[in-house]
Amino acid sequence: MLDLTKVNQKLQNQSPLTIIEWALKKQQDIPVKSIISTHFGPYEAVLLHLVTQVDPNIQVVWVDNGYATNSTYRVANKITKQLNLNLHIFVPQRTTAYLDVRYGGLPELDTPEHTEFTQIVKIEPFNRALATLKPTLWFTALRREQSALRQELNIVTKAGDNLFKIAPLLDWTSQDMQNYIEKLNLPNEMDYVDPTKGPQGRECGLHKITF
């Protein structure tokens, strides 16, 4: 078992690549499966590039909720091809057409309908991804500056009975991300919509729960 207090003290102020190498190499002596989640929105290529430098075949999970913009789909194809991603796509069990009729469009935030909608288009498909791939390490691009909740996070947290969440970019700013994108000439786009989140800084629910 990991002592999370000691681990997070050790990793504090370390570079994202160092954190990724620690997480993947630390587990070499035990059976482990790793995933990295992505939505192919702004700056998502940064963590995908960093992690695939250490593990080129890591399983990449994309919950395609069906509401992505054309730009998001285009950049997803570009990043997948450029980084040769081992991509696993999970989609809701209901179509966008059905959901549009059921809710009369996107449901209002902070309503029972919106909670149900989030469960259908994001939580359930991601739970299905976890059940299918059975990872023990989950890399995510969470950053402190994104929301009040994320300001309180640690680099390594327990996300389930046999699942640890790793956030190598936790202390990076948007400018850090932009600099990395430009330096490596990685695909990026800002025309991204998450129908479960609404205003910037609002949590969608995926990182507020454990599995």
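Before going into details, it helps to say that this report is about the structure given with it. Note that this is a predicted model, so its numbers are computed, not measured.

1. Description of the overall build of the protein chain
On a plain count of helices and strands, the protein chain comes out with eight helices and six strands. Starting at the N terminus and walking to the C terminus, you meet the elements of the protein chain as α-α-β-α-β-α-β-α-α-β-α-β-β-α. Considering the protein chain as a whole, with its 211 residues, one finds that 49% of them fall into the buried category. Pairs at least 24 apart in sequence give 77% of the contacts found in the protein chain among residues at least 6 apart. Carbon and sulfur atoms form 49% of the exposed surface of the protein chain, whose accessible area is close to 11100 Å².

2. Things to note about the packing of helix α3 (residues 44-54) against helix α8 (residues 174-184)
As a packed pair, α3 and α8 sit with axes 9 Å apart at the nearest point and diverge in direction by 65°. Crossing angle aside, the handedness with which α3 passes α8 is left-handed. Contact residues: α3 offers Ala45, Val46, His49 and Leu50, while α8 offers Met177, Tyr180, Ile181 and Leu184. Here the residues of the contact of α3 with α8 sort into seven nonpolar, one polar and no charged.

3. A closer look at the sheet that holds strand β1 (residues 34-38)
Spatially, the six strands line up as an open sheet ordered β3-β2-β1-β4-β6-β5, and their pairing is mixed. At either margin of the open sheet sits one strand with a lone partner, and together these are β3 (86-90) and β5 (156-160). Going from strand to strand, the sheet's axes swing by 30° on average, the running direction of each strand aside. As paired elements, β1 and strand β4 (residues 137-139) share three bridges and run parallel to each other. Looking at β4, one finds that Ile36 is bridged to Phe139. Relative to strand β2 (residues 59-63), helix α6 (residues 112-133) is tilted by about 155°, and along the sheet it contacts β1, β2, β3, β4 and β6 (163-166).

4. Section: helix α1 (residues 4-11)
Because an α-helix completes one turn every 3.6 residues, residues spaced three or four positions apart along the sequence face the same direction. Here α1 has its buried residues at Val7, Asn8 and Leu11. Buried residues of α1 fall within an arc of 95° about the axis and therefore sit on the same side. Away from the buried face of α1 by more than 90 degrees, exposed residues Thr5, Lys6, Gln9 and Lys10 are located. Two to three positions downstream of the cap, the backbone nitrogen of Thr5 sits 3.2 Å from a side-chain oxygen, assigning the N-cap of α1 to Asp3. Asn13 sits one or two residues past α1 and shows a positive phi near 70°.

5. Considering the pairing of β5
Where burial is concerned, most of β5 is hidden: four out of the five residues are buried. Sheet analysis places β5 next to β6, joined by four bridges and oriented antiparallel. Following the sheet pairing, Thr157 is matched in β6 by Lys165. Taking the residues between adjacent antiparallel strands as the criterion, β5 and β6 are bridged by two residues.

6. Some thoughts on the pairing of β3
One ladder, built from five bridges, connects β2 with β3; its direction is parallel. What sits directly across from Gln59, in β3, is Asn86. Regarding topology, helix α4 (residues 70-83) serves as the crossover connection from β2 to the parallel β3, and that connection is right-handed.

The rules we used
Residues numbered from 1 in each chain as written. Predicted model: local features only at pLDDT ≥ 70, side-chain atom pairs only at ≥ 80, totals over all residues. Heavy atoms only, no water. Helix = DSSP H or I, 4+ residues; strand = E, 2+ residues; numbered from the N terminus. Buried < 20%, exposed > 50% of the residue type's maximum accessible area, 1.4 Å probe, protein only. Contact = heavy atoms within 4.5 Å. Areas by Shrake-Rupley, 256 points an atom, 1.4 Å probe, with all protein chains shown as cover. Axes fitted to C-alpha atoms, helices over the stretch in contact; angles between N-to-C directions. Left-handed = near helix turned anticlockwise from the far one by under 90°. Nonpolar A, V, L, I, M, F, W, Y, C, P; charged D, E, K, R; others polar. Pairing = 2+ DSSP bridges. Arc of directions from axis to C-beta. Polar contact = N/O pair within 3.5 Å; in protein donor to acceptor, adjacent residues only side chain to side chain. Right-handed = clockwise from strand over helix to strand, strands pointing away.

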